[in-house]
Amino acid sequence: MKAYGYCRYSSSNQNELSIEQQHIELENYAKNHNIEIIKFYDDKAKSGTKDNRENFQNMIKDCKLKQVQAVLVWKTDRFARNTQDSLYYKMKLEKLNIDLISITQPIDTSSPEGNLMYSLLASMDEYYSKNLASNVKRALKYNATQGLSNGRHCSSWL
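What you are looking at is a predicted structure, and each value in this text was computed from that prediction instead of being measured.

A.B. asks: Tell me about a nonpolar patch on the surface, and name the residues and values.
C.D. replies: There is a patch of nonpolar side chains on the surface, built from Leu-116, Met-117 and Leu-120 and spanning about 280 Å² of accessible area. With respect to the element layout, Met-117 can be found in helix α5 (residues 112–145).

A.B. asks: Requested: an account of the pattern of salt bridges, with residues and values cited.
C.D. replies: Counted by the stated rule, this structure contains four salt bridges. A salt bridge links Asp-77 to Arg-78; its shortest N-O distance comes to 3.0 Å. Residue Asp-77 shares its accessibility class with Arg-78, and that shared class is buried. As a salt-bridge pair, Asp-77 and Arg-81 come within 2.7 Å of each other at their nearest N and O atoms. A relative accessible area of 11% places Asp-77 in the buried class. Residue Arg-81 is classed as buried on the basis of its relative accessible area, which comes to 12%. If you follow the salt bridges from partner to partner, you end up with Asp-77, Arg-78 and Arg-81 in one network.

A.B. asks: I'd like a description of the nonpolar core, backed by residues and values.
C.D. replies: Of all hydrophobic cores here, the largest spans 18 residues; its most connected members are Met-59, Val-71, Phe-79 and Leu-93. Secondary structure elements with two or more residues in this core: β1 (2–8), α2 (54–63), β3 (70–73), α4 (83–95) and α5. The element that contributes the greatest number of residues to this core is α2, accounting for four residues. With sequence-adjacent residues up to four places away left out, Phe-79 is seen in contact with Tyr-6, Arg-53, Phe-56, Met-59, Val-73, Ser-86, Tyr-89, Lys-90, Leu-93, Leu-100 and Tyr-118. Counting residues in each nonpolar core, the second largest holds 13 residues, with Leu-26, Ala-30, Ile-35 and Ala-70 among its members.

The rules behind the values
- Residues numbered from 1 in each chain as written.
- Predicted model: local features only at pLDDT ≥ 70, side-chain atom pairs only at ≥ 80, totals over all residues.
- Heavy atoms only, no water.
- Patch = residues over 30% accessible without salt bridge, like charges linked within 9 Å, V, L, I, M, F, W, Y side chains within 5 Å.
- Areas by Shrake-Rupley, 256 points an atom, 1.4 Å probe, with all protein chains shown as cover.
- Salt bridge = Lys/Arg side-chain N within 4 Å of Asp/Glu carboxyl O.
- Helix = DSSP H or I, 4+ residues; strand = E, 2+ residues; numbered from the N terminus.
- Buried < 20%, exposed > 50% of the residue type's maximum accessible area, 1.4 Å probe, protein only.
- Core = buried A, V, L, I, M, F, W, Y, C linked by side-chain atoms within 4.5 Å.
- Contact = heavy atoms within 4.5 Å.

Shown next, in the form of structure tokens:
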């Protein structure tokens, strides 16, 4: 079986190691499952809540060439953190007879239960992202009302 690997990290606070670690995990999985990864698509410092990620879109476009039978991701949240996008692009892959394989979340999407599980994971991925954003906004607002720092202290600029 041939596959594309898709890797992503969300923010500029993260680093190349996140992508490198995902590559290693995908390569190990592929080796153990007789899968050849013919190309990696990486999006660095790109949120999964939007689908306008350049390399994600390039991968989806290249899937139409039908050179692969699968797309490997470390977790479903690397593919998307928006329920509608996740289900939409997974459906696009299915129409091309390409499996989306989350290597850390074995899901048999050929069964009704597997499809339900994928839908639940997609929803949980979106919830996590929105909940985290809400918590960060709350903390930033609190810090501002208390005169606390929301980043660097002014003295660190001197």
